[in-house]
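What follows is the residue order along each chain.
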Amino acid sequence: MMQGCSEEMKEKISAYLDKECTAEEAALVESHLAQCKDCAAFYRQISELSLLTGELPVPIPKSLHRNIMSSVKRQNTKRESFKKYVAVFAASVLFCVMLGSFFYTDFWKAKIPNTLRSADAASSESANTAQAFVLYAVADGKFEMGPSVPTADVSQTEEAVLTLDGEVAVYRFQGAEQNGTALYDQNGALWRLEFPSVHFNVAYGTDGKRYLEAE
Amino acid sequence: MKQSEEKLIQQAQTGNEHAFEYLVRLYEVRVFSYVYSFLQNTQDAEEAVQDTFVKAWQGLPRFRGESSFATWLLRIARNTALDALRQRREACLSLYAENGDGAYEPLSLADETPAHNPPAALEQQERLETLRRAMGLLSAEHREILILREMEGYDYAAIAELLHLEVGTVKSRLFRAREALKNILQSWNFSL
């Protein structure tokens, strides 16, 4: 079939069926169909196929519309839930930020006794719960509690070592040693040290460091 | 685009679910037919159609009318169906369409039973069934373009826009699809 007729002609016939030809091409196809029996048969066949294909039944599910709208509504519900979740999350973050800023100082107060910026490890080994800190005098009657290894930002005009073991505090200064009591607040943060010859109150600088103020 | 459809789209874009439901009613059968041409399975096609409309609902605020709504929607449907095909991994190897599980009824032959059909109608039903099987043997590419042209009634320019093809490619692909379908049917002694 269609031997001798080019594919180009067959394409044109197919396009002619779909009314997708120019007037010139249509005239050419009509002229060819009038002369070529094979191509005329091809045209009849694809015309018949075109009609039949258009009648092909599609098994539309009865529940199609209902199921589509259920899916859309489910999606809406998810979206609303997500919006609510985002709103609750944002509110929670805001609340935490506000709470955090309110308790900022107390938070660090509670944290410092445990970390206390590199406590003296050698002294700490003397007792399981003992903590030792080097006190650096930074002003009259004030000592900064800091690491035993001096750092550049800490004044070293005077050095003392404080060892804490629960409520037992040992204060060594210029070769002398005093035993005293460490007082903690309800959060477990050190707030006062009492020795026979000196009392220290814990203070926190705006730089976040802890200072002992000698009374 | 018809005026009323344009209004429905605008309303749906603002979140009006009722307006969107009207659009669903307008296009659900067309989308289903198109998706079914890929998947050849009613259940898979129904799921793909649901996904298509959910995606359309979500994406509607971004629809700018650069193509027609139908083309935009069918493009979503096409991508969704292709995704489903990839998942199934039997895309182009799907040789036969399903025989139906009784849960659905055909669109144009609904409520017709052979016992009540006159002989001519019965013969026509048989011819359509044979044609459906032959369509199932075509490549997905050929099946798709035939569905778009013969069942959806798209012209070449619209098909080209939807499939991102040149009009000349649409023309030659459609011809080849017709010839392939004709050859299958003739090998079964199907009279044309």
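This text follows the structure it describes.
Residues numbered from 1 in each chain as written. Chains lettered and ligands numbered in written order. Predicted model: local features only at pLDDT ≥ 70, side-chain atom pairs only at ≥ 80, totals over all residues. Heavy atoms only, no water.

### Some thoughts on the packing of aromatic side chains
Residue and element names in this part refer to chain B. Stated formally: Any Phe, Tyr or Trp ring, taking Trp's six-membered ring, that has another such ring centre within 6.5 Å forms a pair; planes under 30 degrees apart are called stacked, those over 60 apart edge-to-face, and the others tilted. Two limits define a charge over a ring: the Lys NZ or Arg CZ must be within 6 Å of the ring centre, and within 35 degrees of the ring normal.
Taken as a whole, this structure holds nine aromatic pairs over all chains when the rule is applied. Taken together, the ring pairs in this structure connect Tyr27, Phe63, Phe69 and Trp72 into an aromatic cluster. A cation sits over an aromatic face here: Arg133 above Trp188, 4.8 Å from the ring centre.

### Quick word on a nonpolar patch on the surface
All names here are of chain A. Quick note on the threshold: Patch members must show over 30% relative accessible area and no salt bridge, and they are joined within 9 Å when carrying like charges or within 5 Å when they are nonpolar side chains of Val, Leu, Ile, Met, Phe, Trp or Tyr. Surface accessibility in these figures is a Shrake-Rupley result with a 1.4 Å probe; residues are shielded only by whichever protein chains are displayed. Just to be clear on terms, a salt bridge is a Lys or Arg side-chain nitrogen sitting within 4 Å of an Asp or Glu carboxyl oxygen. Helix numbers and strand numbers start at the N terminus; a helix is a DSSP run of H or I with at least 4 residues, a strand a run of E with at least 2. Summary of the burial criterion: residues with accessible area below 20% of their type's maximum are buried, those above 50% are exposed, and those between are partly exposed, where the area comes from a 1.4 Å probe applied to protein chains only.
Taken together, Phe82, Tyr85, Val86, Phe89, Val93 and Val97 make up a surface patch of nonpolar side chains, about 610 Å² in accessible area. Residue position: Tyr85 is located in helix α4 (residues 64-102). Looking at Tyr85, the relative accessible area reads 54%, which means it is exposed.

### Describing the interface of chain B and chain A
As a reminder, the rule being used: Between two residues, a contact is recorded if the distance between any of their heavy atoms is within 4.5 Å. Accessible-area loss on putting two parts together, using a 1.4 Å probe and summing over both, is the definition of buried area adopted here. Pairing of N or O atoms within 3.5 Å defines a polar contact, subject to two protein rules: one partner must be a possible hydrogen donor and the other a possible acceptor, and residues neighboring in sequence count only if both atoms are side-chain atoms. Asp, Glu, Lys and Arg are counted as charged, while Ala, Val, Leu, Ile, Met, Phe, Trp, Tyr, Cys and Pro are counted as nonpolar; the rest, among them Gly, fall into the polar class.
Each partner contributes residues to the interface: chain B has 48 residues there, and chain A has 41 residues. Here chain B packs against chain A, burying approximately 4400 Å² in sum over the two surfaces, 64% of which is carbon and sulfur. Summed over the three residues of chain B that lose the most area to chain A, namely Lys171, Phe175 and Arg178 of chain B, the buried surface amounts to 14% of that side. At the boundary of chain B and chain A, one finds six salt bridges. A salt bridge links Lys73 of chain A to Glu17 of chain B, with the nearest nitrogen and oxygen atoms 2.7 Å apart. Linking chain B to chain A there are 19 residue pairs in polar contact (both at pLDDT 80 or more). Secondary-structure elements contributing two or more residues to the side of chain B that touches chain A are α2 (17-39), α3 (42-59), α5 (119-137), α6 (140-151) and α8 (167-187) of chain B. It is α8 of chain B that provides the largest number of residues to the side of chain B that touches chain A, a total of eleven residues. Split into classes, the residues belonging to the side of chain B that touches chain A amount to 24 nonpolar, eight polar and 16 charged.

### Notes on the side chain of Glu144 of chain B
Residues and elements named next belong to chain B. Here Glu144 is to be found in helix α6. The class of Glu144 is buried, set by a relative accessible area of 2%. When residues no more than four places from it in sequence are discounted, the contact partners of Glu144 are Tyr34, Ser37, Phe38, Arg78 and Leu163.

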